[in-house]
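So the chains spell out like this:
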Amino acid sequence: MSRKTLLTIVSISLFIALASILWRHLTSTPFTSPIADVNMAKESKFAIVVGSGLAGLSAASTLIANGTQVTLFERSLRPGGNSIKASSGINGAPTRYQPGPPFSDSFFYADTIASSGSVFTSSSGDVRQRREKLTEKLVNDSAGCIEWLVKKGVDLSAVAQLGGHSFPRTHRGAGKTPPGYAIVSTLLNELKTSPLFKLQTSCVVTKVLKFGRKVEGVEYFDADGEENEARGPVIFATGGFAGDANGLLATYRPDLEGFPSTNDARPGSQPLLTAIGAQLLDMSEVQVHPTAFVDPKDVQSPVKFLAAELLRGEGGLLLYGGKRFINEMQTRKVVTDAIKTLPLAEGSPRQWDVQLVLDEGVYQNASSHIDFYIIKGLIRKTTLSELDPDAKKTVKEYSIAAAGEAEDKLGRTYFGHWELKSDEVSSESVVYIGRVTPAVHFTMGGVVINELAEVLDADGEKIHGVWAAGEVAGGVHGENRLGGSSLLECCVFGRVAANELVKYIA
Ligand SMILES: Cc1cc2nc3c(=O)[nH]c(=O)nc-3n(C[C@H](O)[C@H](O)[C@H](O)COP(=O)(O)OP(=O)(O)OC[C@H]3O[C@@H](n4cnc5c(N)ncnc54)[C@H](O)[C@@H]3O)c2cc1C
């Protein structure tokens with residue numbers, strides 16, 4: 001092992017150790033506040049937030065900035081939900097960090113609608129209008145969300161172009177800290193300093209209390225297993241159901257039985273809202289991410305580590321038997337569908353044997369991610385000689401297209417930072433490889449909300465005193481969420497929900 005490699009591994013190990021110490025400190029320090037009794041009336045400017053992912057934290061932060069006391073209930077021991085795992089970044093446009101002439105990206109709305117597909121185009125009437133307004137809100141507030149997070153101290157200065165986007169607009173930090181961790185820890189650290197904030201972890205909300213047309217609180221089991229009640233208006237930010245294999249997923253997508261998931265096991269909380277009259281939509285629209293790593297040390301694991309989309313965005317290609325089979329920059333749905341036409345690997349879970357291949361150029365521009373995957377044994381540095389014999393020819397053709405010397409046969413037009421030249425391709429060319437497979441990743445469906453994050457009943461009327469934001473809600477992404485738009489939805493609608501709640505209790 002060279003001295004440089006050794007130094008890199010040592011510094012990354014130190015970074016990971018430091019990050020985990022910081023995280024343990026962040027999540028183990030008791031969150032104290034002067035709020036002794038959560039059973040407070042609406043007039044006392046008190047709010048309940050359920051779920052400590054980005055949607056819940058964005059809401060809590062906005063509420064506190066408006067002088068509202070917040071109790072945040074989180075079922076897990078540690079806060080952060082799936083948001084803390086986010087590895088590619090958060091979308092925003094137009095922003096000062098995007099390349100090209102300032103503020104030249106005006107295609108975000110069109111890309112989002114295109115990605116929403118037939119679920120969007122085939123809808124009509126009120127539903128269609130709501131989808132349009134949700135998309136407008138998502139896109140129009142995106143640049144503001146990036147600035148909001150940057151002002152709080154989150155570095156979002158690096159921008160990548162992910163599949164389905166016609167412009168680079170997915171923001172992450174320039175350093176090694178993954179975006180989900182950077183955003184969640186910044187918001188949590190800020191909240192922790194506020195006497196208005198109280199976080200109750202290991203508390204499972206089990207019922208929404210509704211009297212007449214108005215929500216007035218929740219029932220929950222606390223960390224000691226005691227049943228309790230908290231009174232106040234509620235923001236629901238409980239995330240999706242991609243980890244609910246035997247519950248909502250089995251009900252709405254039985255065909256996905258046996259697929260691995262990038263989410264840890266967790267029941268969906270949408271039924272708590274349908275119990276008070278909320279409606280559901282798009283529940284069968286489940287995103288299967290095309291590239292989750294198959295860990296060679298634990299091939300059969302049903303929970304997979306995500307191979308961040310930016311690996312493809314930065315220039316990575318996908319091979320089966322040494323050949324490309326799809327434009328890797330297509331949406332997740334298209335890439336997943338293409339993989340599903342390939343022969344299934346043997347055994348369980350249901351997975352395929354696709355190779356993700358990166359060159360030195362991709363590595364240099366995504367080294368913070370790739371070094372981490374190398375340490376975890378999910379990616380290896382090797383040479384083309386190790387791949388299927390057809391791979392050399394495939395990589396040569398890809399390099400020709402990446403250099404702009406010929407059109408790509410599969411229609412790829414953006415090659416990120418791929419730098420291997422066609423005349424340099426040989427058996428000894430250095431590549432980074434990992435085995436990937438599709439995995440259940442994200443649920444587009446959820447409770448029906450409007451652009452004010454109000455939860456709607458069967459008549460399309462808002463249910464007073466309750467809002468929903470983030471993955472728990474449906475209708476924002478149609479049949480396919482663009483990479484980076486989930487963190488964005490959390491930030492946009494978490495803040496919107498909080499602002500509406502503030503008006504409600506004013
Ligand atoms: C590996 C991975 C990588 C990803 N990368 C990206 C990315 O780069 N960019 C992007 O935009 N999106 C990404 N996503 C998707 C994105 O992270 C999530 O969809 C998004 O963060 C959801 O946020 P949320 O706040 O709605 O829910 P979550 O972050 O999942 O938080 C919900 C919280 O609510 C809690 N909860 C649920 N029910 C209850 C209850 N009854 N009582 C109390 N608490 C409850 C849960 O325990 C959880 O902590 C990624 C997802 C995964 C899994």
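From a predicted model like this one, the values you see are computed outputs, not experimental measurements. (Residues numbered from 1 in each chain as written. Predicted model: local features only at pLDDT ≥ 70, side-chain atom pairs only at ≥ 80, totals over all residues. Heavy atoms only, no water.)

1. Observations regarding the confidence of the model for the chain
Detail in the predicted coordinates should be disregarded across regions flagged by low pLDDT.
Moving on, step 1. Chain-level pLDDT for the chain is 91 on average; 91% of the residues reach the 70-or-more range.
Moving on, step 2. Note on residues 1-43: pLDDT under 50 across the span, and 60 contacts to partners over four residues away in sequence or across chains. (pLDDT = per-residue confidence, 0-100. Contact = heavy atoms within 4.5 Å.)

2. Focus: the sheet that holds strand β5 (residues 170-172)
Moving on, step 1. Ordered by their spatial adjacency, three strands build an open sheet running β3-β5-β4, and the pairing between neighbours is antiparallel. Because the sheet does not close on itself, it has two edges, and the strands there are β3 (90-91) and β4 (158-160).
Moving on, step 2. Across two bridges, β3 lies against β5 in antiparallel orientation. The residue of β5 that forms the bridge with N91 is T170. (Pairing = 2+ DSSP bridges. Helix = DSSP H or I, 4+ residues; strand = E, 2+ residues; numbered from the N terminus.)

3. Considerations on the packing of helix α5 (residues 142-151) against helix α14 (residues 485-505)
Moving on, step 1. Interhelical geometry of α5 versus α14 gives an angle of 90 degrees and a closest axis separation of 10 Å. Comparing the axis directions of α5 and α14 gives the class roughly perpendicular. Together, S142, G144, C145, W148 and L149 of α5 and L488, C491, V492 and R495 of α14 make up the contact between the two elements.
Moving on, step 2. For the contact of α5 with α14, the residue count by class is six nonpolar, two polar and one charged. (Axes fitted to C-alpha atoms, helices over the stretch in contact; angles between N-to-C directions. Parallel < 35°, antiparallel > 145°, perpendicular 65-115°, else oblique. Nonpolar A, V, L, I, M, F, W, Y, C, P; charged D, E, K, R; others polar.)

4. Re the nonpolar core
Moving on, step 1. Counting residues in hydrophobic clusters, the biggest one holds 79 residues, and the most contacted among them are L63, I90, L149, I235, F236 and L273.
Moving on, step 2. Tallying contributions element by element places α14 first for this core, with 12 residues.
Moving on, step 3. When neighbours within four sequence positions are excluded, I235 is seen to be in contact with I48, V49, V50, A59, L63, W467, A497, A498 and L501.
Moving on, step 4. Judged by nonpolar contacts, the second largest core, of 52 residues, contains A242, V362, L384 and L387. (Core = buried A, V, L, I, M, F, W, Y, C linked by side-chain atoms within 4.5 Å. Buried < 20%, exposed > 50% of the residue type's maximum accessible area, 1.4 Å probe, protein only.)

5. A closer look at the site of the ligand
Moving on, step 1. Taken together, 41 residues are adjacent to the ligand, and E74, S83, S88, E471 and S486 come closest.
Moving on, step 2. Take A55: an N or O atom from its main chain is 3.1 Å from an oxygen atom of the ligand.
Moving on, step 3. At a separation of 3.3 Å, an oxygen atom of the ligand approaches a polar backbone atom of S87.
Moving on, step 4. Mapped onto the shell around the ligand, the elements with two or more residues apiece are α2 (54-65), β7 (204-211), β17 (430-443) and α14.
Moving on, step 5. Broken down by element, the shell around the ligand gets its largest block of residues, four residues, from α14.
Moving on, step 6. Across the shell around the ligand, the residue classes tally to 14 nonpolar, 21 polar and six charged. (Near = heavy atom within 4 Å. Polar contact = N/O pair within 3.5 Å; in protein donor to acceptor, adjacent residues only side chain to side chain.)

6. A short note on the environment of R253
Moving on, step 1. Tracing the sequence through the fold places R253 in the loop between α7 (248-252) and α8 (270-274).
Moving on, step 2. The class of R253 is buried, set by a relative accessible area of 17%.
Moving on, step 3. Once residues lying within four places of it in the same chain are set aside, the contact partners of R253 are L248, S284 and V286.
Moving on, step 4. Within the structure, R253 has its side chain in polar contact with the backbone oxygen of S284 (distance 2.9 Å).

7. Focus: the domain arrangement of the chain
Moving on, step 1. With domains assigned, the chain is organised as domain 1 (38-285 + 444-506) and domain 2 (287-440).
Moving on, step 2. For domain 1 versus domain 2, the separation of C-alpha centres amounts to 31 Å.
Moving on, step 3. With 29 residues of domain 1 at the contact, the number on the domain 2 side is 32 residues.
Moving on, step 4. Summing both sides of the interface, domain 1 and domain 2 together bury roughly 2,600 Å²; the carbon and sulfur share of this comes to 55%.
Moving on, step 5. Among the residues domain 1 hides against domain 2, the three largest losses belong to F259, P260 and T262. Together they make up 25% of the total.
Moving on, step 6. If you look at where domain 1 meets domain 2, you find two salt bridges.
Moving on, step 7. Among the salt bridges present, the one from R172 reaches E314, with a minimum N-O distance of 3.7 Å.
Moving on, step 8. Remark: the boundary between domain 1 and domain 2 carries 16 residue pairs in polar contact (both at pLDDT 80 or more). (Domains from an automatic or database assignment. Buried area = accessible area lost by both parts, 1.4 Å probe. Salt bridge = Lys/Arg side-chain N within 4 Å of Asp/Glu carboxyl O.)

8. Thoughts on the side chain of N327
Moving on, step 1. Residue position: N327 is located in the loop between β14 (317-319) and α10 (332-340).
Moving on, step 2. Within polar-contact distance, the side chain of N327 engages the backbone oxygen of G411 at 3.5 Å.
Moving on, step 3. Discounting chain neighbours no more than four positions away, the residues touching N327 are V335, L410, G411 and R412.

9. Considering the side chain of E500
Moving on, step 1. Relative to the assigned elements, E500 resides in helix α14.
Moving on, step 2. Contacts of E500, omitting those with residues within four sequence positions, involve L452, E454 and W467.

10. What to know about unusual backbone geometry
Moving on, step 1. Between A93 and P94 the backbone carries a cis peptide bond, its omega angle lying at -5 degrees.
Moving on, step 2. For the bond running from S348 to P349, omega is -5 degrees, close enough to zero to count as cis.
Moving on, step 3. Relative to the helices and strands, P349 resides in the loop between α10 and β15 (354-358).
Moving on, step 4. Its identity as a non-glycine residue notwithstanding, S202 has a phi of 55 degrees, on the positive side.

11. As for the packing of α2 against helix α6 (residues 179-192)
Moving on, step 1. At a minimum axis distance of 10 Å, the contact between α2 and α6 shows a crossing angle of 35 degrees. Both α2 and α6 take part in a crossing whose hand is left-handed. Listed contacts from α6 to L54, L57, S58, A60, S61 and I64 of α2 are I183, V184, L187, L188, E190 and L191.
Moving on, step 2. Here the contact of α2 with α6 is built from residues that sort into nine nonpolar, two polar and one charged. (Left-handed = near helix turned anticlockwise from the far one by under 90°.)

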